[in-house]
Amino acid sequence: TLDNAVDAVAARASIPGGAFAYVATPNVDHVVGLSNEPGRRPLYESAWLLLNDSRILKKLGAHAGIDLPVATGADLAERLFDDVIDRREPITIIGGDEASIAELKRRYYLTDVRWHRAPMGLKQKPEAIVRAAAFAAAQPSRFTFICVGAPQQEMIAYAIAQRGDARGVGLCVGAALDFLSGQTERAPAWMRGAGLEWLHRLLSEPQRLWKRYLVDGPKVFSLFARWRASMASAS
């Protein structure tokens, strides 16, 4: 649950000299992407904590008798900034732009933000992933927020973990930075509760997100059906 996740992340980040560990927050987009590119699996298997970022996945899980509490990356990030992070401690952020970083600092009175500007097309730029990982490892932050979308953010987190010299907790939290800085308006609570946050995002950015939500996203239902069939045949 979200409460469990906040407590676990806060405890892990407070271990003196604790080895770097990262949190991934898979949603429908991640699941469909993983089915298209099975090579992504180690990015998730290597995560210290996996949180369900989708109410649609929660409902599908319920049909299979699996409890998948929802703990979204955006909610986790917000709770950490509200309740856990000291405004004077160093915070590392990979992703975003100057305006969003400035607004985040203003809203939360942050005095020590270590920001790395990530280039576009990270997935096809291994050297940029290496640079981002090196930047994160060089910082003394308890919390490293990686906000460049999937699978780029998980690729960076994995690269940081593979270095062996990084500390703290990495949080792969997608659009959380946009929401927290006010760059993007988040769906109202009633839409989130009804599992309609995807619709709000689609209506807000139709040109950028139409394919994700109208073409790729619905594939999760056929994936689920095939998985149920394979489980039934195996039993």
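Provided above is the structure to which this section pertains.
Per chain, residue numbering runs from 1 following the sequence as it is written. Only residues with pLDDT of at least 70 are given local features in this predicted model, and only at 80 or more are side-chain atom pairs given and counted; all residues enter the totals for whole chains, interfaces and linings. Hydrogens and water molecules were not included; the side-chain quantities draw on all heavy atoms of the structure.

1. Looking at the overall build of the protein chain
Stage number 1. Counting from the N terminus, the helices are DSSP H or I runs at least four residues long and the strands are E runs at least two residues long. A count of helices and strands for the protein chain gives 13 helices and six strands.
Stage number 2. Taken along the three principal axes of its C-alpha coordinates, the protein chain extends 55 × 35 × 35 Å.
Stage number 3. Each residue is assigned to one of three classes by its accessible area relative to the maximum for its type, calculated with a 1.4 Å probe on protein chains only: buried under 20%, partly exposed between the two thresholds, exposed over 50%. A total of 235 residues make up the protein chain; the buried ones form 46% of that total.
Stage number 4. Contacts were defined at the residue level, with two residues in contact if any of their heavy atoms lie within 4.5 Å. The contacts of the protein chain with a sequence gap of at least 6 include a subset with a gap of at least 24, amounting to 69%.
Stage number 5. As displayed, the protein chain offers around 11,800 Å² of accessible surface, 55% of which is attributable to carbon and sulfur atoms.
Stage number 6. For the purpose of charge, His is not counted, nor are the chain termini; Lys and Arg are scored as positive and Asp and Glu as negative. Lysine's charge is taken at NZ, arginine's at CZ, aspartate's at CG and glutamate's at CD. With 29 positive and 25 negative side-chain charges, the protein chain shows a spacing of 3 Å between the two charge centroids. Per-residue and other accessible areas follow the Shrake-Rupley method at a 1.4 Å probe size, with only the shown protein chains counted as cover for residues.

2. Some points on the packing of helix α11 (residues 197-204) against helix α12 (residues 206-216)
Stage number 1. Convention adopted: a line fitted to C-alpha atoms gives each axis, helices being fitted over their contacting stretch, and angles between N-to-C directions are expressed from 0 to 180 degrees. Closest axis-to-axis distance for the α11/α12 pair is 7 Å, and the angle between their directions is 145°. For the pair formed by α11 and α12, the contact residues are W198, R201, L202, L203 and S204 on the first element and P206, R208, L209, W210, R212, Y213 and L214 on the second.
Stage number 2. Its residues assigned to classes, the contact of α11 with α12 comprises eight nonpolar, one polar and three charged. Polar here means any residue outside two lists: the nonpolar Ala, Val, Leu, Ile, Met, Phe, Trp, Tyr, Cys and Pro, and the charged Asp, Glu, Lys and Arg; Gly therefore counts as polar.

3. Some details on a nonpolar patch on the surface
Stage number 1. The residues that make up patches have over 30% relative accessible area and no salt bridge, and they are joined within 9 Å when like-charged or within 5 Å when they are Val, Leu, Ile, Met, Phe, Trp or Tyr. The term salt bridge refers to a pairing of a side-chain nitrogen on Lys or Arg with a carboxyl oxygen on Asp or Glu at a separation within 4 Å. A cluster of nonpolar side chains, namely I66, L68, W227 and M231, defines an oily patch on the protein surface of about 330 Å² accessible area.
Stage number 2. You can see L68 is positioned in the loop between α4 (55-63) and α5 (73-84).
Stage number 3. Using a relative accessible area of 30% as the deciding quantity, one classes L68 as partly exposed.

4. What about empty space enclosed by the protein?
Stage number 1. Cavities and pockets are found on a 1 Å grid laid over the protein atoms alone: a cavity is a set of points where a 1.4 Å probe fits but cannot escape, a pocket is an open set with protein on both sides within 12 Å along at least five of seven lines, and a lining residue has an atom within 4 Å of such a point. Grid points are joined across faces, edges and corners, and a volume is the space filled by probe spheres set on the points. All told, the structure shown has one cavity of 30 Å³ or more when counted by the stated rule.
Stage number 2. Empty space within the largest cavity amounts to approximately 50 Å³.
Stage number 3. Along the walls of the largest cavity sit A77, F81, I93, L104, F145, C147, V173, A176, L177 and L180, which together make up its complete lining.
Stage number 4. Breaking the lining of the largest cavity down by element, the ones donating at least two residues are α5 and α9 (176-181).
Stage number 5. It is α9 that contributes the most residues to the lining of the largest cavity, three residues altogether.
Stage number 6. Here the residues of the lining of the largest cavity are counted per class, giving ten nonpolar, no polar and no charged.

5. Re the side chain of D75
Stage number 1. Note that D75 resides in helix α5.
Stage number 2. A residue is classified by how much of its surface remains accessible, and D75, at 15% relative accessible area, is buried.
Stage number 3. In terms of polar contacts, D75 uses its side chain to reach the side chain of R186, at 2.7 Å.
Stage number 4. D75 has contacts with L2 and R186, leaving out every residue within four places of it along the chain. For this analysis, a polar contact is any N or O atom pair within 3.5 Å, provided that within protein one partner can donate a hydrogen and the other can accept it, and provided that sequence-adjacent residues contribute only side-chain to side-chain pairs.

6. Regarding the pairing of strand β4 (residues 113-116)
Within a regular strand, the side chains alternate between the two sheet faces.
Stage number 1. Note: two strands are recorded as paired if DSSP finds a minimum of 2 bridges between them. By the bridge criterion, four bridges tie strand β3 (residues 91-94) to β4 in an arrangement that is parallel. Residue pairing for β4: T92 is matched across the bridge by R114.
Stage number 2. Whether a crossover is right-handed depends on one test, that the path from the first strand over the helix to the second runs clockwise when the strands point away from the viewer. Handedness of the crossover joining β3 and β4 through helix α6 (residues 98-108): right-handed.

7. Quick notes on the packing of aromatic side chains
Stage number 1. Pairs were defined over the aromatic rings of Phe, Tyr and Trp, the Trp ring being its six-membered one, requiring ring centres within 6.5 Å. Orientation was assigned from the angle between planes: stacked under 30 degrees, edge-to-face over 60, tilted for the rest. For the structure shown, the criterion picks out five aromatic pairs.
Stage number 2. Consider the rings of W198 and Y213, whose centres lie 6.3 Å apart with planes at 45°: the pair is tilted. Of the two residues, W198 is situated in helix α11 and Y213 in helix α12; the sequence distance between them amounts to 15 residues.
Stage number 3. Under the relative-accessibility criterion, Y213 is labelled buried at 17%.
Stage number 4. Taken together, F81, Y108 and F145 form an aromatic cluster joined through their ring pairs.
Stage number 5. One Lys or Arg, R12, reaches over the ring of W48 and ends 5.4 Å from the middle of that ring.
Stage number 6. Seen from the ring of F179, R186 lies directly overhead, with NZ or CZ sitting 5.7 Å from the centre. Whether a charge lies above a ring is judged from NZ of Lys or CZ of Arg, which has to be within 6 Å of the ring centre and within 35 degrees of the ring normal.

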